[in-house]
Every structure is written in structure tokens, then in C-alpha cells.
Amino acid sequence: MEPITHFLTGACLGRAGFNRTTALATATMALAAEAPDLDMLGQFKDPVFGFAHHRGFTHSFLGLFLMSGLVVGFMYLIWHLRGRKASNSALPPRWGLLFVYAYLAGLTHILLDFTNNYGVRPFWPFSEKWYSWDIVFIADPFLWLVLVAGLLVPTFFSLVDRELGVRPKVPAGRIGATLALFGVLAVWGVRDYQHRRAVNALKAYVYEKAEPIRASAYPNWWNPFAWNGVVETRNFYATTLVDSLQPEVDPNAEMQIVYKPEETPITLAAKNSRLGHVYLDWAQYPVAETEAIQTPQPGYIVHFIDLRYGSPQFGVKKSLSAGVELNGNLHVVAEIFGHRRRSLP
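It should be emphasised that the depicted structure is a prediction, and the values quoted were computed from it without experimental measurement.

1. What to know about the nonpolar core
Moving on, step 1. If you look at the biggest cluster of nonpolar residues, it comprises 36 residues, and the most contacted ones within it are Cys 12, Leu 24, Ala 105, Val 136, Leu 143, Leu 147 and Trp 188.
Moving on, step 2. Sorting the residues of this core by element identifies helix 1 (3–15), helix 2 (25–34), helix 4 (63–81), helix 5 (95–115), helix 6 (141–163) and helix 7 (174–204) as the ones contributing at least two each.
Moving on, step 3. Sort the elements by how many residues they give to this core and helix 7 lands first, with 6 residues.
Moving on, step 4. Leave out the neighbours within four places in its chain, and Cys 12 touches Leu 147, Leu 151, Ala 177, Ala 180 and Leu 181.
Moving on, step 5. Core analysis: the second largest hydrophobic core is formed by 20 residues, Tyr 118, Ala 270, Val 302 and Tyr 309 among them.

Spelled out as C-alpha cells, the structure:
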């Protein structure tokens with residue numbers, strides 16, 4: 001998920017009652033819920049390195065121990081710079097408990113990322129397998145609405161109480177934050193039900209007289225009932241939009257057939273490259289297309305796309321496509337990821 005949802009989830013988690021046991025709980029959990037995305041710094045090294053390590057160590061159950069320690073250490077530094085003062089002097093920070101809370105907030109990050117179709121590798125380094133639920137788009141306005149309401153509505157009443165001279169004995173907002181978290185679970189429940197309906201409709205359809213081997217449905221941000229369907233048959237992939245409110249795939253819907261290309265020495269050389277291994281390990285419906293080039297030297301570019309991020313209506317998402325440039329001897333001379341090209345020595 002994008003940073004806003006992670007941050008809001010951590011804040012709601014802290015205000016759901018954890019902030020009544022130790023100072024700095026809400027701030028710690030909000031930061032810890034966001035901290036695993038520090039792996040984005042790997043993009044500064046090179047795009048392939050960044051892609052290979054994104055949602056890897058920092059998004060694993062093991063890596064969360066380090067991320068939690070970093071967050072709690074940062075909070076200790078801030079607390080020390082503030083003169084070892086907290087907003088509630090009667091509730092001092094309990095650092096061991098804050099570490100546990102930070103780890104719990106980090107687990108929500110893994111869970112939220114699991115709900116979308118990019119996936120996570122929670123068992124790294126023991127397993128590189130990707131897991132994804134495929135029910136929520138990377139940015140979901142419904143989740144924003146639920147989480148923001150859970151934080152702002154109690155804050156409004158707290159401000160009114162202060163104007164009336166009422167000073168609460170415990171931090172306010174517990175009920176609102178708790179209801180917001182249950183609201184997130186409710187959204188997931190609806191999305192999961194609609195997702196299973198969409199997948200079942202895709203599996204029941206016959207595509208140009210070919211039975212599906214597997215089928216997946218991926219969410220859209222603008223309509224919780226519209227899904228990008230991808231189906232694999234023996235000889236081709238089919239992509240189409242599917243409405244989970246309907247019992248079956250609309251035969252009049254625009255559909256794109258992508259035939260599986262034959263393996264060649266060119267595609268095999270690209271797949272055996274560093275980028276090829278990283279991309280194909282992550283992709284669920286990969287397609288490799290070969291392009292002959294003459295500049296800067298005669299050779300080939302093998303383009304990799306994942307049909308999870310392509311649709312007949314909107315094309316392929318460039319930022320999640322890749323390419324391997326080969327010379328005439330089929331040696332890798334450049335790696336292309338998204339809009340970035342990196343020449344190799």
C-alpha cells in the first residue's frame with residue numbers, strides 16, 4: 001500500500017488503547033507501520049537492486065525486529081532531545097513495551113501490502129516466495145475515509161471538551177480508532193467476497209474454445225466491483241474486465257489475447273540474466289517479447305511485462321515493466337527497468 005494508509009493504520013492502532021499503557025505509543029506505532037518502506041532507498045543504488053530488495057528483508061517477520069529497533073531508537077533520541085518529557089508526565093515511556101508495539105505495527109504493514117496484487121515475501125530469507133491476496137488496489141479511498149474518520153471524529157469531540165474545561169483522565173479516541181480498524185476488516189471482507197466471485201466467473205468461461213488453466217482478478221481503484229481479469233490457457237493468456245456483480249464474464253466485453261511466445265536462445269539469455277531472474281521470480285503472468293535493434297550496436301531487447309499490470313483498456317504499466325538488452329553474441333549490455341536504463345560493463 002502507499003504510505004498514507006500505513007501511517008493512518010499505525011496511528012489508529014496506537015489510539016485504539018496502546019497509548020494508555022505507555023507514552024509515545026501512537027507516534028511509535030505510526031512510524032513503525034511505515035518503516036518497512038525504507039527499502040525504497042535501494043532505488044538509489046540501481047533500479048534492479050531496488051526492485052530485487054523491495055518488499056524483501058524489511059517486509060519479513062525477521063526483518064521487522066531490526067525495523068522495530070530502529071524506530072524505538074529514533075523515538076528514544078527524540079525523547080532525549082526534548083528533555084525526557086512526554087505529553088503526559090504521569091505516563092512514562094516503557095521502551096520494552098514500545099518495541100513490542102512497534103513490531104505489531106510493522107506486522108500491519110506486511111498485512112496491508114499482502115492485500116494488494118504486488119505481494120510480499122514475509123518468510124525472507126528462508127523463502128523467497130511471494131504472497132498476495134489481490135483484493136485491494138495500492139491506493140484505496142475507502143480505507144482512507146474509514147481511517148481518517150476514526151482519527152478526526154474523536155479529536156473533534158476532544159477539542160469541544162477542552163473548550164468546556166473538561167480534561168480527560170486518559171487519552172481520547174479509543175472507540176473511534178477501534179471502529180476504524182474494524183471498518184478496515186469490513187472493507188476487506190467485502191472485497192474478498194467480490195474477488196472470489198470475479199475469479200469464479202473467469203474460471204467458468206471458455207476462451208476461444210480453450211479451458212482456463214488458472215485465473216486471477218486484480219482490483220481497480222475507481223470501482224470495487226470492476227476487476228482486471230487475467231486467464232492462462234495452454235497456448236495463450238486472455239485479459240478482460242470482469243464485473244463481480246455479474247454471475248459470469250460478459251461475452252461482449254473487450255478482451256485481449258496474448259499468445260505465449262516460443263522460447264529462443266535470445267529469450268533464454270535474457271531470462272538467465274540478473275534482471276530476468278529477479279523479474280520472473282516476482283511476476284505471476286510474465287510475457288517476454290523480443291525486439292531487434294541496430295543502435296547503439298546491433299542486438300536485441302527482450303521486454304518483460306507482467307499481465308497483472310496490463311489491461312486491454314489502459315495498456316501496460318511502464319514503471320513495472322523491464323527489459324534486457326543483448327548484443328549480437330547474446331551478452332547482456334544493459335538493464336532496463338521502467339523508464340531507467342543502466343549500461344553494464
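2. A few points about the pattern of salt bridges
Moving on, step 1. Taken as a whole and judged by the stated rule, the model has 12 salt bridges.
Moving on, step 2. Across the pair Asp 46 and Arg 274 runs a salt bridge whose closest N-O atoms are separated by 3.4 Å. Highlighted residues: Asp 46 in the loop between helix 2 and helix 3 (47–53) and Arg 274 in helix 9 (residues 274–282), separated in sequence by 228 residues.
Moving on, step 3. Of the residues examined, Arg 274 reaches a relative accessible area of 40% and is grouped as partly exposed.
Moving on, step 4. What you see here is one network of salt bridges that share partners, running through Asp 46, Arg 274, Glu 335 and Arg 342.

3. A few points about the environment of Ala 35
Moving on, step 1. One can find Ala 35 in the loop between helix 2 and helix 3.
Moving on, step 2. Separated by 16 residues in the primary sequence, Ala 35 and Asn 19 place their C-alpha atoms 19 Å from one another.
Moving on, step 3. Residue contacts for Ala 35: discarding those within four places in its chain leaves Met 67 and Val 71.

4. Focus: the environment of Asp 134
Moving on, step 1. Inspection of the secondary structure puts Asp 134 in the loop between helix 5 and helix 6.
Moving on, step 2. The exposure class of Asp 134 is buried, given its relative accessible area of 8%.
Moving on, step 3. Each C-alpha atom, one on Asp 134 and one on Pro 212, is 19 Å from the other, the two residues being 78 residues apart in sequence.
Moving on, step 4. In this structure, Asp 134 is in contact with Phe 114, Thr 115, Asn 116, Asn 117, His 195, Ala 217, Tyr 218, Pro 219 and Trp 227, ignoring residues within four places of it in sequence.
Moving on, step 5. Within the structure, Asp 134 has its side chain in polar contact with the side chain of Ser 132 (distance 2.9 Å).

5. Some words on the sheet that holds strand 5 (residues 286–293)
Moving on, step 1. The strand order across the open sheet built from 5 strands is 5-6-9-10-11, with neighbouring strands paired in antiparallel fashion. On the outer flanks of this sheet lie strand 5 and strand 11 (340–343), each paired with one strand and no other. Neighbouring strand axes in the sheet, compared pairwise and without regard to direction, differ in orientation by 20° on average.
Moving on, step 2. Where strand 9 (residues 322–327) lies against strand 10 (residues 332–337), 5 bridges are found, and the strand directions are antiparallel.

6. A short note on unusual backbone geometry
One can expect most non-glycine residues to show negative phi and most peptide bonds to be in trans.
Moving on, step 1. With an omega of 0°, the peptide bond between Trp 124 and Pro 125 qualifies as cis.
Moving on, step 2. Looking at the secondary structure, you find Pro 125 in the loop between helix 5 and helix 6.
Moving on, step 3. The backbone phi angle of Asp 134 is positive, close to 65°, even though this residue is not glycine.
Moving on, step 4. In this structure, Glu 208 is a non-glycine residue whose phi angle is positive, near 50°.
Moving on, step 5. Accessibility expressed as a relative area gives 53% for Glu 208, which makes it exposed.

7. Here we look at the pairing of strand 10
Moving on, step 1. Among the 6 residues in strand 10, 5 count as buried, and that is most of the element.
Moving on, step 2. Between strand 9 and strand 10, which pair antiparallel one after the other, the connecting turn spans 4 residues, and Leu 330 there sits at a positive phi close to 65°.
Moving on, step 3. In the sheet, strand 10 pairs with strand 11 via 4 bridges, with the strands oriented antiparallel. For Phe 337, the partnering residue across the bridge sits in strand 11 and is Arg 340.
Moving on, step 4. What sits between strand 10 and strand 11 in their antiparallel hairpin is a turn of 2 residues, with Gly 338 showing a positive phi close to 65°.

Thresholds, definitions, all that
Counting restarts for each chain, with residues numbered from 1 along the sequence as it is written. With pLDDT at 70 or above as the cut-off, local features in this predicted model cover only qualifying residues; side-chain atom pairs require 80 or more to be listed or tallied, and sums for whole chains, interfaces and linings still use all residues. Derived side-chain values reflect all non-hydrogen atoms in the structure, with water molecules and hydrogen atoms excluded from consideration. For our purposes a nonpolar core is just a set of buried Ala, Val, Leu, Ile, Met, Phe, Trp, Tyr and Cys residues, chained together by side-chain atoms within 4.5 Å. When a residue's accessible area, from a 1.4 Å probe over protein chains only, is under 20% of the maximum for its type it is buried; when over 50% it is exposed; and in between it is partly exposed. Secondary structure follows DSSP: runs of H or I at least 4 residues long count as helices, runs of E at least 2 residues long count as strands, and numbering of each begins at the N terminus. Note on definitions: a residue-residue contact is assigned when non-hydrogen atoms from the two residues lie within 4.5 Å. We count a salt bridge whenever a side-chain nitrogen from Lys or Arg sits within 4 Å of a carboxyl oxygen from Asp or Glu. Think of a polar contact as two N or O atoms within 3.5 Å of one another; within protein, one of them needs to be a possible hydrogen donor and the other a possible acceptor, and neighboring residues in sequence only count if both atoms come from side chains. Here a strand pair is declared whenever DSSP counts at least two bridges between the two strands. Angular values range over 0 to 180 degrees, each being the angle between N-to-C directions of two axes fitted as lines to C-alpha atoms, with helices fitted over their stretch in contact.

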